[in-house]
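Below are the chains, spelled out letter by letter.
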Amino acid sequence: MWSPVQRVSLMSSTLFSSPSKIPVGIKAGSSNKYSKVANNTKELEDCEQANKLGAINSTLSNQSKEAFIDWARYDDSQDHFCELDDERSPAAQYVDLLLNPERYTGYKGSSAWRVWNSIYEENCFKPRSVYRPLNPLAPSRGEDDGESFYTWLEGLCLEKRVFYKLISGLHASINLHLCANYLLEETWGKPSWGPNLKEFKRRFDPVETKGEGPRRLKNLYFLYLIELRALSKVAPYFERSIVDLYTGNGEEDANTKTLLLNIFQDTKSFPMHFDEKSMFAGDKKGAKSLKEEFRLHFKNISRIMDCVGCDKCRLWGKLQTQGLGTALKILFSEKEIQKLPENSPSKGFQLTRQEIVALLNAFGRWFQTEFEFAQ
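Residues numbered from 1 in each chain as written. Predicted model: local features only at pLDDT ≥ 70, side-chain atom pairs only at ≥ 80, totals over all residues. Heavy atoms only, no water.

Going by what an unreviewed UniProt entry lists, the protein chain is known as ERO1-like protein beta isoform X2 and is assigned to Leptonychotes weddellii. Looking at the Cofactor (unreviewed entry) heading of the UniProt record, one finds this comment for the protein chain: "FAD". Comment text from UniProt for the protein chain, heading Sequence similarities (unreviewed entry), reads "Belongs to the EROs family." (UniProt positions renumbered as here; feature names shortened; annotations may be inferred.)

### What about the overall build of the protein chain?
Along the protein chain, the regular secondary structure elements total 12 helices and 4 strands. The burial tally for the protein chain puts 45% of its 375 residues in the buried class. Within the protein chain, contacts between residues at least 6 apart in sequence are counted, and of these 74% link residues at least 24 apart. Of the roughly 20000 Å² that the protein chain leaves accessible, carbon and sulfur atoms contribute 53%. (Helix = DSSP H or I, 4+ residues; strand = E, 2+ residues; numbered from the N terminus. Buried < 20%, exposed > 50% of the residue type's maximum accessible area, 1.4 Å probe, protein only. Contact = heavy atoms within 4.5 Å. Areas by Shrake-Rupley, 256 points an atom, 1.4 Å probe, with all protein chains shown as cover.)

### As for the UniProt feature "active site" (unreviewed entry) in the protein chain
According to UniProt, the feature "active site" (unreviewed entry) maps to Cys310 and Cys313 in the numbering used here. With respect to the secondary-structure elements, Cys310 resides in the loop between α9 (284–304) and α10 (311–331). A relative accessible area of 5% places Cys310 in the buried class. What Cys310 contacts, discounting residues up to four positions off in sequence, is Gly54, Thr105 and Tyr107. Its location among the elements puts Cys313 in helix α10. The contacts of Cys313, once residues within four sequence positions are left out, are Thr105, Tyr107 and Val308.

### Quick word on the environment of Ser192
By the element assignment, Ser192 lies in strand β4 (residues 190–194). Ignoring anything within four residues of it in the chain, the contact list for Ser192 reads Tyr182, Leu183, Leu184 and Glu185.

### As for the pattern of salt bridges
Scanning the entire structure with this criterion turns up 14 salt bridges. For the salt bridge of Arg202 with Glu199, the shortest nitrogen-to-oxygen distance reads 2.6 Å. Of this pair, Arg202 and Glu199 both sit in helix α6 (residues 197–204), 3 residues apart, which is roughly one turn of that helix. A relative accessible area of 48% means that Arg202 is categorised as partly exposed. The partner of Glu212 in a salt bridge is Arg215, and the shortest N-O contact between them spans 3.8 Å. (Salt bridge = Lys/Arg side-chain N within 4 Å of Asp/Glu carboxyl O.)

### What about α6?
Among the residues of α6, those classed as buried are Glu199, Arg203 and Phe204. Buried residues of α6, seen end-on, are gathered within an arc of 110° and therefore sit on one face of the element. For α6, the exposed residues lying more than 90 degrees away from the buried face are Leu197 and Lys198. As for α6, its buried residues are in contact with α5 (158–180), β3 (182–187) and α7 (212–239). (Arc of directions from axis to C-beta.)

As structure tokens, then:
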């Protein structure tokens, strides 16, 4: 399949014009380091462990470095019609995903919750007066176990309900992979990784989550169906002879494309996964406005991911977010994909190397999740 080495921008503060404008509430390590809490020995140890487990392994072979230069030269010769991250920025890094698997890093607590709270509260079309179930940052609501939230959610239009379910599914995916690859123990500097059932139950068990866990898993499955649908819709883009998935090795490129087309063919053999035509189907002016709002909200979420304080968490969070964003781009570009020329560069629809890598790696994470559930 596609080379596991991909470009991932780890630029921080991209949501704001300068670091000083980043809200204190979502900055990593914003608490007073001289306070009593900050000097708690246990918390200091946890922080040290999180920094160690969350560090990025940036090791690359000379062959890989030379290949990246060749890839960049090839990409620059192609026509692009979408906004790209600045890969030449000193803050951007090449990362080998095989050396940096998604797993538990020790990044947790209020810092992580503030990032997700910003994502849900600021981008999921939700009024401040409505609180998500089990949100530790929300005030106590007595006997309300989330019914008021879901009553509000069901009252939204289809597009906004879909948006929330996708973000919830993305959140569940990240949590599930951390539970599946957890630091069980560390002896003489050698960590032992494996599934943590206790942690899984804490996040997804119906009793421990007051019924919220199963909803999260259903949203994860919905996310998987959306991605599956996108893969089946984008097949014509890759079936064209002009698309060669260039890496510099002609034989491997041809084999990669053959394998990729086989995957697309398999996705077509499944029944309808999701009918995206039911979205943005009302009044043209209103639908266009809602679609743009949908796009901008999701784009803002991808920027918030830059505020994650753990390098490895940010890496996988951004990759899966970009993968989902690419899937949405595909689903809402059906007409442009159908009009693609067979033997000339794309003029109405284009996927960058980053988008392709994110799309396939994100689907790989979600497919692995579904496979694990089936065992």
